[in-house]
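Read off the chains here:
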Amino acid sequence: MANSFAETKRFDPATLVGFLVPVGLAVLIGLIIHAYSQPIGAPVRQETNASGAVTATTPVDPPTDAEIAVANQTILSYCSNDLRKDTSCSLIAGSTVTAPGFIETGLKMSGSFATDGTSAQGVALAKGSGTSWAVVWVGQSCIPKDVATQNSVPGSFKVCSS
């Protein structure tokens, strides 16, 4: 009888391995499920009409630095390619204002575009997300009220009073 008591008291490493392997697999499976259940990209808010059809999707997070860079490049490209050929624009440092789905930046303009004679300062508005941005407005001083209304531009931007 003494031998059987001594044998049962001895620790078997297989017992520890038999316990840790299932626990380790459960943790690994949990991490994989967690990684694949995370949303990809910025969350969006969907707007629907009375019949329930989706009419628009708008990001709910402010643009990232990378998105701001893409939007600014889109604005500069618009200035040099889509406006009058003698017009050019440069960004005004520190003038960027953002809201979910929108980027507004100050511009210094030259050429035919800056024709009011009082200022070469302007403003540009881009709408989008990720790597897809479209220029909504480029002009002097403020965004026209009708453009702001059509695009649901937040009030934190330079919208003209009339």
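Quick note: structure is the one above.
These remarks concern the structure in this document. (Residues numbered from 1 in each chain as written. Predicted model: local features only at pLDDT ≥ 70, side-chain atom pairs only at ≥ 80, totals over all residues. Heavy atoms only, no water.)

For the rest of this paragraph, the subject is unusual backbone geometry. In this structure, Ser152 takes a positive phi of about 55° despite not being glycine. Position of Ser152 among the secondary structure elements: in the segment after α4 (145–150). Of the residues examined, Ser152 reaches a relative accessible area of 53% and is grouped as exposed. (Helix = DSSP H or I, 4+ residues; strand = E, 2+ residues; numbered from the N terminus. Buried < 20%, exposed > 50% of the residue type's maximum accessible area, 1.4 Å probe, protein only.)

In this section: the state of the cysteines. Taken as a whole and judged by the stated rule, the model has two disulfides. Covalent S-S linkage joins Cys79 and Cys89, the inter-sulfur distance amounting to 2.3 Å. Measuring the twist about the S-S bond at about -85°, one finds the Cys79-Cys89 disulfide to be left-handed. Of the two residues, Cys79 sits in helix α3 (residues 65–81) while Cys89 sits in strand β3 (residues 88–91), which places them ten residues apart along the sequence. (Disulfide = S-S within 2.5 Å.)

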